[in-house]
Amino acid sequence: MGHSQSFWTKYVFSTDHKTIGIQYGVTSLFFLLFGFVLMMIMRWQLAYPEQPIPWIGQWLGDARAPGGVMLPEFYNELGAMHGTIMVFLGVVPLGVGCFGNLIVPLQIGAPDMCFPKLNMASYWVFLLGGLVMLFSFFLPGGAANSGWTAYPPLANIATIGQTVWILGMVFLITSSLLGGINFIATIFQLRAPGLTFMRLPFFVWGQLVTAFLLLLAFPPLEAAGILQLMDRVAGTSFFMPSGLLISGEVPDVSGGGSVLLWQHLFWFLGHPEVYVILLPAIGIVTEVFANNIRKPIWGYKLMVYSILFLGFISFVVWAHHMYLTGMGTAISAFFQATTMIISIPSVIVLTCLMISMWGGSIRFNMPMLFALAFIPMFGIGGLTGLPLGLAATDIYLHDTYYVIGHFHYVVAPGVIFALFAGIYYWYPKFTGRYMNEFLGHLHFWPSLICMNIVFMPMMIQGLAGMSRRMYDGGAIYSHNQGVLDWNIFISMGAWTLALAQIPFIISFFMSAFTGKKVESDNPWQATTLEWQTPTPPGHGNFETIPTVYHGPYEYSVPGASKDFTPQNEEGVK
Amino acid sequence: MDTIPYTVKPRSDTGLYNAKLGIWLFLASEVMLFGALFSTYIILRVLGQDWPLGSTILNVPIGTVNTVILITSSITMVFAWTSLKKKNWGAHKLHLGLTIGLAILFLIIKGFEYAAKFEHHHYPSESTFMAIYFTLTGLHALHIVGGIVVLGYFFGPGAKMWQSDPDRFTNRIEIVGLYWHFVDLVWIFLFPVLYLL
């Protein structure tokens, strides 16, 4: 195979990991933009409640926004779908589906993923899940509107969109299950000769731990989805407690279920999911760092052990999302302790990266700028999480805008900046051209400023007690009046942030044709194996199987002829 | 360098061929899926005001017969694989056919059991016991159906590989066998938990 491929098998129904990676990348970037658009519509409602939405308001229809003024139900739909789309259709498929697929087989010297057909199935099931989610907006009653966490009993009695949401989630879970199996098998089985585990690039380690989390944390959510589907379709009472009244009436169910059961099952996935989002990003940042500080990464082994530990502990912290559910102090003490413990490996990883910079001659190119910005942004996100991990402070901060600010600092200027760094870094490998530097700066600096304009004031609003998921931005409560003006400020920041993405979109497409051509197959003078392939890598990746002689970050080795020694070159003894 | 290595022979440092690692990982995720549902059972039962004894509602003799059928099918599954190792194609066909037959028999009996429940108006919405009973056994039955589809493929069109690549075909039977044993194992947990306890 590989010699007489038709257009369809080469570009559409391809089993080549690079084509699948690019399919994942383009799809997830589209969904990131779509999820962002949903949020921009919500930001109008928060800044100017009850005023007609300009331009697009007239297109939304009477069921969503009569006269262009958003209905509360539509606001809830946008909120639930923004979260679902950003997490399950945007950030995770970009970090795992796109970068994992593109880079992991190349970095381990493999011809493809271990199970190429499963890999293709994984993408198409993912796309199907995405289309089901998009389709649900056109159902009577609209898309799911019970929040991305789909808490019962609200989700049990919600409109038909919730059922379709569950179906979409089942597709997405199946897709990530296939992906998780494939990544683990690939990393265990297809490493090139000499590439021992402690010689793996840190990005591959990040993907390996991520794949285990996908494999083991998603099935409980699938189980929860099945139970909620039974509740909604077969009339069971898994999540319907006895004695529940809905609008003053007793619902026609047997009762005897538990609403907390859903929360346990959901957050058992939900917390490992945080690290599914984070670890690929940290992997990318480490690769970009090593390449641009021209030094070995300080504490590589320590970082590897840290994320392994982090992967294990992430399964026993889930109830820190549930301090307000009336749990006993003993249980709460346990989860507070594990939550404080899990912050340690993240701090170790960040500290190692910062120590690595010490004494390096840093190259400030576009990937490095985004990777550098990741450190303080993720740092703010992580540190603001500590008060939420302790029950006493969480009782005050729970479900306020402080929480929104906290996790968006982790995901938006943190993880998404790292993903941008990855795009700028690996773009030349697959197109043979650099992304435009000027447009890159026009993308980076406004994005960095606007991200902080958007999320920093949310901390202030949250500390003042402003609740999340408020249709009017909290205007009806007197205690919010002092911080309401921030809503307009934040919304302006969000819309400007959208403008700042235009240079990226232009550069992403234009640079493939007009960008500066790379000078060699290894334009960044990197050490890892993905740069030892032709540009772009052909079907089967390597012309001959590489043999690996040393660790991943042999930069500036004393006595070497150049300041980088690729893993497949023997180098100085 | 165009093909994936270790599709037939194990890799020396991991001792596994690719698909065998793949199926073990898949089964790990299945453990988490059924583990979550069994945990649900425990939580519902602990929270429940009065939880019925399974044997007063469900038909224990039928459940016992089905348990025997599934365990027998696991044995024939092993023989279907070992006879391939001994290059005995006839014995393989016989045992694979028996496995599929027993699986279908299991579903038929399960179908009668469901029908009897519906006849007496026992639906999932009746109580959380009936809800978890139908959910767990229904999901298990879906796994049986999936197994029948894959076994049927290797009995029918997939058997061609025995001519072209017998080692790989033997591996495939080993892998579907691992899955089949797992599905049996789930039933061996399901039966006492739902019918007896």
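The sections below set out a description of the structure shown in this document. What you see is a predicted model, and the numbers here were worked out from it, not measured in a lab. (Residues numbered from 1 in each chain as written. Chains lettered and ligands numbered in written order. Predicted model: local features only at pLDDT ≥ 70, side-chain atom pairs only at ≥ 80, totals over all residues. Heavy atoms only, no water.)

## Structural notes on the pattern of salt bridges
In step 1: Scanning the model with the defined rule gives ten salt bridges over all chains in all.
In step 2: We note a salt bridge from Arg191(A) to Asp13(B), for which the minimum N-O separation is 3.7 Å. Here Asp13(B) lies in the segment before helix H1 (18-47) and Arg191(A) lies in the loop between helix H5 (161-189) and helix H6 (202-233), a pairing that spans two chains.
In step 3: Linking Asp167(B) and Lys9(B) is a salt bridge whose minimum nitrogen-to-oxygen distance equals 3.7 Å. Of the two residues, Asp167(B) is situated in helix H7 (residues 166-196) and Lys9(B) in the segment before H1; the sequence distance between them amounts to 158 residues.
In step 4: Salt bridges linked by common partners bring Arg191(A), Arg11(B) and Asp13(B) together as one network. (Salt bridge = Lys/Arg side-chain N within 4 Å of Asp/Glu carboxyl O. Helix = DSSP H or I, 4+ residues; strand = E, 2+ residues; numbered from the N terminus.)

## What about helix H14 (residues 437-463) of chain A?
Helical periodicity: at 3.6 residues per turn, an α-helix aligns residues three or four positions apart in one direction.
In step 1: Between the first and last C-alpha of H14(A) there are 39 Å, a value that for 27 residues agrees with the 39 Å anticipated at 1.5 Å per step.
In step 2: The first or second residue beyond H14(A) is Gly465(A), which carries a positive phi of 100°. (Expected span 1.5 Å × (residues − 1).)

## Examining the interface of chain B and chain A
In step 1: Counting residues at the interface gives 36 residues for chain B and 46 residues for chain A.
In step 2: Interface of chain B and chain A: buried area, both sides summed, is about 3200 Å²; carbon and sulfur atoms make up 73% of it.
In step 3: Our enumeration of links across chain B and chain A arrives at one salt bridge.
In step 4: Linking chain B to chain A there are five residue pairs in polar contact (both at pLDDT 80 or more).
In step 5: Listing elements by their share of the side of chain B that touches chain A, those giving two or more residues are H1 and helix H5 (128-155) of chain B.
In step 6: Top contributing element to the side of chain B that touches chain A by residue count: H1(B), with 16 residues.
In step 7: Per-class residue counts for the side of chain B that touches chain A are 22 nonpolar, ten polar and four charged. (Contact = heavy atoms within 4.5 Å. Buried area = accessible area lost by both parts, 1.4 Å probe. Polar contact = N/O pair within 3.5 Å; in protein donor to acceptor, adjacent residues only side chain to side chain. Nonpolar A, V, L, I, M, F, W, Y, C, P; charged D, E, K, R; others polar.)

## So, the nonpolar core
In step 1: One finds Met81(A), Phe99(A), Phe202(A), Phe374(A), Trp426(A) and Leu194(B) to be the most contacted residues of the largest nonpolar core, which totals 246 residues.
In step 2: What Phe202(A) contacts, discounting residues up to four positions off in sequence, is Ile282(A), Gly283(A), Thr286(A), Glu287(A), Tyr300(A), Met303(A), Val304(A), Ile307(A) and Tyr553(A). (Core = buried A, V, L, I, M, F, W, Y, C linked by side-chain atoms within 4.5 Å. Buried < 20%, exposed > 50% of the residue type's maximum accessible area, 1.4 Å probe, protein only.)

## With respect to the side chain of Ser314(A)
All names here are of chain A.
In step 1: Here Ser 314 shows up in the loop between helix H8 (300-313) and helix H9 (329-357).
In step 2: Among the residues examined, Ser 314 registers a relative accessible area of 0% and is labelled buried.
In step 3: Dropping the residues within four chain positions of it, Ser 314 is found in contact with Leu 213, His 271, Pro 272, Tyr 275 and Ile 342.

## Some details on the layout of surface pockets
In step 1: Size it by volume and the second largest pocket reaches roughly 1900 Å³.
In step 2: Those elements giving two or more residues to the lining of the second largest pocket turn out to be helix H4 (116-135), H5 and H6 of chain A together with H1, H5 and H7 of chain B.
In step 3: Among the residues making up the lining of the second largest pocket, the classes are represented as 27 nonpolar, 13 polar and seven charged. (1 Å grid on protein atoms, 1.4 Å probe; cavity = no way out; pocket = protein on both sides within 12 Å on 5 of 7 lines; lining within 4 Å. Points joined across faces, edges and corners; volume = space filled by probe spheres on them.)

## Overview of the environment of Ala412(A)
Residues and elements named next belong to chain A.
In step 1: With respect to the helices, strands and loops of the structure, Ala 412 is situated in helix H13 (residues 401-431).
In step 2: With relative accessibility at 9%, the residue Ala 412 sits in the buried group.
In step 3: Sequence separation of Ala 412 and Met 492 is 80 residues, and the distance between their C-alpha atoms is 17 Å.
In step 4: In contact with Ala 412, other than residues within four places in its own chain, are Phe 417, Met 451 and Phe 455.

## Quick look at empty space enclosed by the protein
Residue and element names in this part refer to chain A.
In step 1: For the structure shown, the criterion picks out two cavities of 30 Å³ or more.
In step 2: Roughly 180 Å³ of volume is contained in the largest cavity.
In step 3: Lining the largest cavity are 17 residues, with Tyr 24, Val 92, Pro 93, Ser 175 and Ser 176 positioned closest to its centre.
In step 4: Breaking the lining of the largest cavity down by element, the ones donating at least two residues are helix H3 (72-107), H4, H5 and H6.
In step 5: Ranked by the residues each element gives to the lining of the largest cavity, the list is headed by H3, at six residues.
In step 6: Among the residues forming the lining of the largest cavity, the class breakdown is ten nonpolar, seven polar and no charged.
In step 7: The computed volume of the second largest cavity comes to approximately 60 Å³.
In step 8: Contributions of two or more residues to the lining of the second largest cavity are made by H5 and H6.
In step 9: Broken down by element, the residue count for the lining of the second largest cavity peaks at five residues, all from H5.
In step 10: Taken together, the residues of the lining of the second largest cavity sort by class into seven nonpolar, one polar and one charged.

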